[in-house]
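Take a look at the letters that make up each chain.
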Amino acid sequence: MREIQFREALREAISEEMRRDPSVFLMGEEVGEYNGAYKVSQGMLDEFGPDRVLDTPIAELGFAGIGVGAAMNGLRPIIEFMTFNFSLVAIDQIINSAAKMMSMSGGQYSVPIVFRGPTGNAGMLSSQHSQNFENWYANTPGLKVVVPSNPYDAKGLLKTSIRDEDPVIFMESELMYGDKGEVPEGEYLIPIGVADVKKTGSDVTIVSFGKMIPRVVMPSIVELEKEGISAEVIDLRSVRPIDYKAIVESVKKTNRLVIVEEAWPLAAISSEITYHVQKNAFDYLDAPIHRVNSMDLPLPYAPTLIEAILPNVKRTVQACKAVLYR
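Residues numbered from 1 in each chain as written. Predicted model: local features only at pLDDT ≥ 70, side-chain atom pairs only at ≥ 80, totals over all residues. Heavy atoms only, no water.

Enquirer: What should I look at first to understand the overall build of the protein chain in this one?
Expert: Within the protein chain one finds 12 helices and 14 strands. Within the protein chain, buried positions represent 57% of all 326 residues. When the accessible surface of the protein chain is split by element, carbon and sulfur atoms take 54% of a total near 13300 Å². The centroid of the 32 positive side-chain charges in the protein chain is displaced by 5 Å from the centroid of its 43 negative side-chain charges. (Helix = DSSP H or I, 4+ residues; strand = E, 2+ residues; numbered from the N terminus. Buried < 20%, exposed > 50% of the residue type's maximum accessible area, 1.4 Å probe, protein only. Areas by Shrake-Rupley, 256 points an atom, 1.4 Å probe, with all protein chains shown as cover. Lys, Arg positive; Asp, Glu negative; His and termini not counted. Charge placed at Lys NZ, Arg CZ, Asp CG, Glu CD.)

Enquirer: When you look at the sheet that holds strand β4 (residues 76-80) in this model, what are you seeing that I'm missing?
Expert: In any sheet, the strands associate via hydrogen bonds between backbone groups, in a parallel or an antiparallel arrangement. What the 7 strands build is an open sheet, ordered β3-β2-β4-β5-β7-β6-β12; its pairing is mixed. Taken across any chain shown, the strands that pair with only one partner, and hence form the sheet edges, are β3 (53-55) and β12 (238-240). Strand-to-strand twist in this sheet, taken as the mean axis angle between neighbours without regard to direction, amounts to 20 degrees. Direction of pairing for strand β6 (residues 144-146) relative to β12: antiparallel, over a ladder of 2 bridges. Within β12, the residue paired with V146 across the bridge is S238. The sheet strands contacting helix α7 (residues 151-163) are β2 (24-28), β4, β5 (114-118), β6 and β7 (168-172), and the helix crosses β7 at an angle near 160 degrees. (Pairing = 2+ DSSP bridges. Axes fitted to C-alpha atoms, helices over the stretch in contact; angles between N-to-C directions. Contact = heavy atoms within 4.5 Å.)

Enquirer: Honestly, helix α8 (residues 212-226) in this entry has me stumped. Any pointers?
Expert: One turn of an α-helix holds 3.6 residues; hence residues three or four places apart share an orientation. The terminal C-alpha atoms of α8, which comprises 15 residues, lie 21 Å apart, in line with the 21 Å expected from a rise of 1.5 Å per residue. Elements that come into contact with the buried residues of α8 comprise β9 (196-199), β10 (204-208), β11 (231-235), β13 (257-260) and α12 (313-323). Of the residues one or two after α8, G228 is the one with positive phi, at around 75 degrees. (Expected span 1.5 Å × (residues − 1).)

Enquirer: Just checking my understanding: could you explain the environment of A281 for this structure?
Expert: Counting through the fold element by element, A281 comes out in the loop between α10 (269-280) and β14 (290-292). In this structure, the C-alpha to C-alpha distance between A281 and Q42, residues 239 residues apart in sequence, is 47 Å. Non-local contacts of A281, meaning those with residues more than four positions away in its chain, are made with V248 and V251.

Enquirer: What am I meant to see in the side chain of S161 here?
Expert: Locating S161 in the fold gives a position in helix α7. Dropping the residues within four chain positions of it, S161 is found in contact with V114, V146, V168, F170 and I192.

Enquirer: What am I meant to see in the side chain of E134 here?
Expert: Inspection of the secondary structure assignment puts E134 in helix α6 (residues 134-138). For the buried E134, which has no salt bridge, the nearest side chain bearing the opposite charge is K211, at an N-O separation of 6.9 Å. Of the polar contacts made by the side chain of E134, one reaches the side chain of N132; its length is 3.3 Å. Leaving out residues up to four positions away in the same chain, E134 has contacts with T119, V145, V147, M171, F209 and V239. (Salt bridge = Lys/Arg side-chain N within 4 Å of Asp/Glu carboxyl O. Polar contact = N/O pair within 3.5 Å; in protein donor to acceptor, adjacent residues only side chain to side chain.)

Enquirer: In this structure, what is going on with the pairing of β13? I would like to understand it.
Expert: Regular strands show a simple pattern: their side chains alternate between the two faces of the sheet. Because side chains alternate across β13, one face comprises the buried residues L257 and I259, and the other comprises V258 and V260, equally buried. Across 3 bridges, β10 lies against β13 in parallel orientation. Residue pairing for β13: I206 is matched across the bridge by V258. Pairing of β13 with β14, which is carried by 3 bridges, proceeds in the parallel orientation. Residue pairing for β14: I259 is matched across the bridge by R291. Viewed along the sheet, the connection from β13 through α10 into β14 turns out right-handed. (Right-handed = clockwise from strand over helix to strand, strands pointing away.)

Enquirer: Help me understand a negative patch on the surface, please; the structure alone is not making it clear to me.
Expert: On the surface, E30, E33, D46 and D55 cluster together to form a negatively charged patch. Looking at the secondary structure, you find D46 in helix α2 (residues 44-48). (Patch = residues over 30% accessible without salt bridge, like charges linked within 9 Å, V, L, I, M, F, W, Y side chains within 5 Å.)

Enquirer: Explain the packing of helix α3 (residues 60-72) against helix α4 (residues 91-98) here, please?
Expert: Describing two packed helices takes the angle between their axes plus the distance from one axis to the other. Interhelical geometry of α3 versus α4 gives an angle of 25 degrees and a closest axis separation of 8 Å. Classified by the angle between their axes, α3 and α4 sit roughly parallel to one another. Of α4, the residues touching α3 (which contributes L61, A64, G65 and V68) are Q93, S97 and A98. Taken together, the residues of the contact of α3 with α4 sort by class into 4 nonpolar, 3 polar and no charged. (Parallel < 35°, antiparallel > 145°, perpendicular 65-115°, else oblique. Nonpolar A, V, L, I, M, F, W, Y, C, P; charged D, E, K, R; others polar.)

Enquirer: I would appreciate a short explanation of the pairing of strand β8 (residues 180-183) in the present structure.
Expert: Here β8 shows one buried face, formed by G181 and V183, and one open face, formed by K180 and E182. Pairing of strand β1 (residues 2-5) with β8 involves 4 bridges; the strand directions are antiparallel. Note that in β8 the partner of E3 across the bridge is E182.

Enquirer: Would you explain the sheet that holds β14 in this entry?
Expert: Pairing is mixed in the open sheet, where 5 strands are placed in the order β9-β11-β10-β13-β14. Both edges of this open sheet fall to β9 and β14, since each of them pairs with a single strand only. Within this sheet the neighbouring strands show an average axis-to-axis angle of 25 degrees, counted without direction. Relative to the sheet, α8 contacts β9, β10, β11 and β13, its axis offset from that of β11 by approximately 170 degrees. The sheet strands contacting α12 are β10, β13 and β14, and the helix crosses β14 at an angle near 180 degrees.

Enquirer: Help me understand α12 in this model?
Expert: Those residues of α12 that fall on the buried side of the exposure criterion are T316, V317, A319, C320 and V323. Seen from one end, α12 has its buried residues packed into an arc of 160 degrees, which puts them on one side. Contact partners of the buried residues in α12: β10, α8, β13 and β14. One or two steps after α12, the chain reaches Y325, where phi turns positive at roughly 55 degrees. (Arc of directions from axis to C-beta.)

This is the structure:
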């Protein structure tokens, strides 16, 4: 094992897959000459050349469409969005082409493509650059949606995503690119749709994914332990498919559930999990399920307002104590 940054884990995953399979290529804004907006693709242009590391104009709809066409014709594109906020410009190609092509062609065409880039807030970037669309894309049949929380998961899940025969939305975080974590030497894969129990506990289950795990959930359990509360933490890793079995099994043990998610509350991933648990584990619940989401507002610029609107440790601890009636 060695400790590397989140961006390095992504870089290793992409480079290893490009060496293994000549049909894999990377395309997006500033991925080549500039070495990537977040330095994920640093050095790749020198190794693989301009035919496989392609800089594009600021035209997400255009290069996403080129990627879908390339995938339909035997290649495996990795399309990098500088932020998933910009994927809205390309959403027609993602939803109406990539996600539906297998079904609409009667199985004649698969679309093995990865759309990747950062999601959610990254500090003082205001409303148009701070949105979470995991639930939007997870609502679409034909897509898989992966949201890793650490370098180990990022590398293993990205390699699996690149090899997948279906389109994968792979969502990262600008705030996590410098995060460090243990990653094994050599190749490994992590299956999509299998959650990770990051910590076992007996009093309450906390379910989350992405940067909420290191930024909010893990600091929250430290505070809970000070008050004698034992929390079990489940990192979903992917939000389509969702590992419902892992959640239900944990709730059967702890009898209480809190879900932490950065997205807005209406029709969120936390809403879907809440429905599924009350349907399949109702008799095991000793308290109503609590959700910790961003407030139902566009994210402002002021840091004090950002802190008030986003999920945080204080709100998460309060939610856990509420389901314990404390």
